[in-house]
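Inside the fold
Here is how the chains run, residue by residue.
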Amino acid sequence: MRDSKMLVACLSGAGFLGCAVPAVAQVPVDSLKEVVVSGARSERVLDEVPAVVDVIQGAALDAAQVQDIRDLVRELPNVSVKRAPQRFGAVVGGTGRDGNAGFNIRGLEGNRVLLTVDGIRVPRELASGVFGSASFGRDYYDLGLISRVEILRGANSALYGSDGLAGMVSMSTTEPADMLKKDQAFGGRVGVRHDTENGSTGLGLTLAAQPSPTVQWLGSVQTGRAKALDNQGTNGALNSTRTTPNPQADNDVSLLAKLVLTPGAQQKHTLTLEHVDKSSEVAAYTARGTSMGVQTLNLDGTTDMVRSRLSWDGRFAVGTPWADSLRVSLGIQDAKSQEVTRSDEVLSSGQPRQRSRDVTYAEQLWQGVLQAEKTRPVGADWSQKLVYGMDVSVATLDNLVTGTVPPSYEVYPLKRFPKTRETTAALFVQSEFASEHWSLIPALRYDHYALKPQADALYPLAATRLDDSALSPKLGVIFRPADSWSVFGNLAAGFKAPSPLQVNNYFENPFGNYKTIPNPDLKPETSRTVELGVRGGQDRTHWEVAAFNGRYKDFIEELVAVGGSTSTPADPLRYQAVNRGRVTLRGFEFKGQLPLGRSTVLKAAYGQTTGTDSDSGRPLNSVNPAQLVFGVDHQMGVWTLGATLNHVARKSAEDIDDSTTANQFATPAHTTLDLRASWQLRPGLRLSGAIRNLTDRKYWEWTNVRGIAASSPVLDAYTAPGRSLSVALVADF
């Protein structure tokens, strides 16, 4: 049967639930079509989504190859994860403390990328000059609990609301069905891994059972220890000239519990409890030295990142005139990140002192979703699938800065923004019209959001409220002229609401005559993007080409001077977050695979993006250089062998905005070779390994070194790891 006819048959039949194909890890690509959720808020074949979506699951999440989110996107052009070295220049100053900070998609990063786990939003990144060097990334994950990752490129606010300017990363935790074979009542997985890149060792245990036809449960615990991420620096001095990593000790513990109830064919209920706890200790040799007459003898930094989530997801086949199926989900999440730095110092007078700084960011979230789906025929050759519903979320965001011996112009404790409740309510609808050759998919979402700060003695300003709304349309089109290929395109709008820190930023130095002030007039950042692509293939051959162009406006820039003067105490210099950026991003992507016989597959991917600040004409520094990935996988009995060449183009000086840092280092081009192997020792027992950067190439990744001058004496501190080996042993039972 033609794939397009199958689609129409499903859409015009008894309902979507009867046509959904479960996503199964490590299934041959010619036996089942890839199914995704992020592109349309409901399960559908990947080829029927008018957007570029990367799906990572099964063997692609092998612990020997992927141990954190940085590894996850290593071979995905136009997608990256920033990880700056932990330099800790001082208690108040310094850089690089947010670990795996978050995802960059097509040149945009931070909170402009929507991140979810089982549909629940991941806490936001917090980084601002008013917190000194303290910054908190978004690596609230343990990939040992994750069975599937979908990376949707391009704006998705029409379906998911705020933060989807650049794209979306959607992660799904392991289900009991992932662990249990057919007719198996009890099973599980135990695995151990080691990686020389950061000296990490991990152990994981997952158990699952089906005590009755209507009940399944799963429990998983993942633990890990690691040292500092390696680099190719050679200076091990115990001061600021050091280029080898600072000594570091990381500890991770993560838990997952699931209960799945299917009281009848018409219902499915999933209760999930997830807990991720990550901590890190750094002995900051790089902070030792003398600055402004103060000698730092020792500095230690600790960071803690904890996220706990309880959620319920209910699926109902209702079979009514207004809906074939209904989904209801509720989630409660509590997250907290804390950074503490302590130093021993000697003043110019010879007097010793101890100094500390403790910065905490907390975010509590309540989220609810009600979603309905309805499929019906429209004439003889067309069908309509309607997805509609509402989202409601209430987040409480807070912060605290405390410690000992604060700067002379401040008194601890204090807050940079008041405790704020952020409420968002949204209505969304997507209507897909499909025939044998066409799919037309319009979507529209209305969001209303409000920021309500609370009065707080630790926040001395008169906090301002913000109340606004956003309308996000989207139109997707797919044309299928033949079974073997199709053309797709979409026009999409995206937006990102202002954060409490941007609206009510507080910092004041009365001795220096400058301060920050709130801005009640901030507007949401918005985007308008267009994407065109062609995809095709038969059997195990697949390919996809896409080009995109996006215009983004009202970018929020923090700490912009808006008036006053440092020379006039009565009218101090005032800084404020303002809407002023306009950016254009355009690029091109390709990915595909070609089988050479039944045992060998060639794979390739390429991506490039260019970005320009439309107001200044300067390039956008968050855009990474072009990347080409070429790989081969070969099956040989119980062995699977593979190799990947990863080439990244140079970052030319013409593509760098030097307005903030003069003569920034332009990373040269580099090519690395990775090897991997997997050995099925016996059924259910697999040993896998990977060698990264086989040739021990010295190179820099632009995302980690941007903002560093080419003349920096510690440039080698920002190099990527050299040759490394990772191994994993996994037993399924």
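One can find the structure itself at the top, above this paragraph.
Everything in this summary refers to the structure shown in the same document. Just so we're clear, the structure is a prediction, and the values are computed from it rather than from any experiment. Within any chain, residue numbers begin from 1 and follow the written order of that chain's sequence. Per-residue local features are limited, in this predicted model, to residues with pLDDT of at least 70; the limit for side-chain atom pairs, both in listing and counting, is 80 or more; totals at the level of whole chains, interfaces and linings are taken over all residues. No hydrogens and no water enter the side-chain calculation; it runs on all heavy atoms of the structure.

Turning to the overall build of the protein chain, a few remarks are in order. To qualify as a helix, a DSSP run of H or I must reach at least 4 residues; to qualify as a strand, a run of E must reach at least 2; elements of each kind are numbered from the N terminus. A tally of helices and strands in the protein chain yields 6 helices and 36 strands. For the radius of gyration, the atoms used are the C-alpha atoms, and the globule rule reads 2.2 Å times the number of residues raised to 0.38. Computed over the C-alpha atoms, the radius of gyration of the protein chain is 26 Å, within 12% of the 27 Å expected from 2.2 N^0.38 for a compact globule of 733 residues. Structurally, the protein chain occupies a C-alpha span of about 85 × 55 × 55 Å along its principal axes. Here's how the labels work: a residue is buried when its accessible area is under 20% of the maximum for its type, exposed when over 50%, partly exposed in between, all with a 1.4 Å probe on protein chains only. Expressed as a percentage of its 733 residues, the buried residues of the protein chain come to 52%. A contact between two residues is defined here by any heavy atoms of the two lying within 4.5 Å. Long-range pairs, those at least 24 residues apart, make up 68% of the contacts in the protein chain with a sequence separation of at least 6. Charged residues are defined here as Lys and Arg on the positive side and Asp and Glu on the negative side; His and the ends of the chain fall outside this count. To locate a charge, take NZ of a lysine, CZ of an arginine, CG of an aspartate or CD of a glutamate. The average position of the 76 basic charges and that of the 76 acidic charges among the side chains of the protein chain differ by 1 Å.

Here, strands pair whenever DSSP counts at least two bridges between them. Reading across from one edge, 3-10-11-6-7 is the order of the 5 strands in this open sheet, with mixed pairing throughout. Edge positions in the sheet fall to strand 3 (53-57) and strand 7 (120-121), since each of these pairs with one other strand and no more. By the bridge criterion, 5 bridges tie strand 6 (residues 113-117) to strand 11 (residues 167-173) in an arrangement that is parallel. Among the inter-strand pairings, Thr-116 is bridged to a residue of strand 11, identified as Ser-170.

By the bridge criterion, 12 bridges tie strand 25 (residues 485-496) to strand 28 (residues 525-536) in an arrangement that is antiparallel. Bridged to Phe-495 within strand 28 is Thr-526. With 11 bridges connecting them, strand 28 and strand 29 (residues 542-563) associate as antiparallel partners. Across the sheet, Arg-535 pairs through a bridge with Glu-544, a residue of strand 29. Here strand 28 hands over to strand 29 after 5 residues, with Gly-537 in that stretch at a positive phi of 135°.

Along the polypeptide, Arg-112 turns up in the loop between strand 5 (103-105) and strand 6. Accessibility expressed as a relative area gives 19% for Arg-112, which makes it buried. Sequence separation between Arg-112 and Asp-163 is 51 residues, and the spatial gap between their C-alpha atoms is 4.8 Å. Apart from the residues lying within four places of it in its own chain, the contact partners of Arg-112 are Asp-163, Gly-164, Leu-165, Ala-166, Gly-167, Lys-496, Glu-525, Phe-555 and Ile-556.

Turning to its location among the elements, Glu-150 is positioned in strand 10 (residues 146-153). Look at Glu-150 and you get buried, because its relative accessible area is 4%. In this structure the side chain of Glu-150 is engaged in a polar contact, spanning 3.0 Å, whose partner is the side chain of Arg-148. As used in this structure description, the phrase polar contact means that two N or O atoms lie within 3.5 Å; if the pair is within protein, one of them must be able to donate a hydrogen and the other to accept it, and residues adjacent in sequence are counted only when both atoms belong to side chains.

Cis rather than trans, the peptide bond between Tyr-412 and Pro-413 has omega equal to -5°. Tracing the backbone shows Pro-413 in the loop between strand 21 (382-404) and strand 22 (420-434). You will see that Asp-118, though not glycine, has its phi angle at about 50°, which is positive. With respect to the helices and strands, Asp-118 occurs in the loop between strand 6 and strand 7. Residue Asp-118 is classed as partly exposed on the basis of its relative accessible area of 24%.

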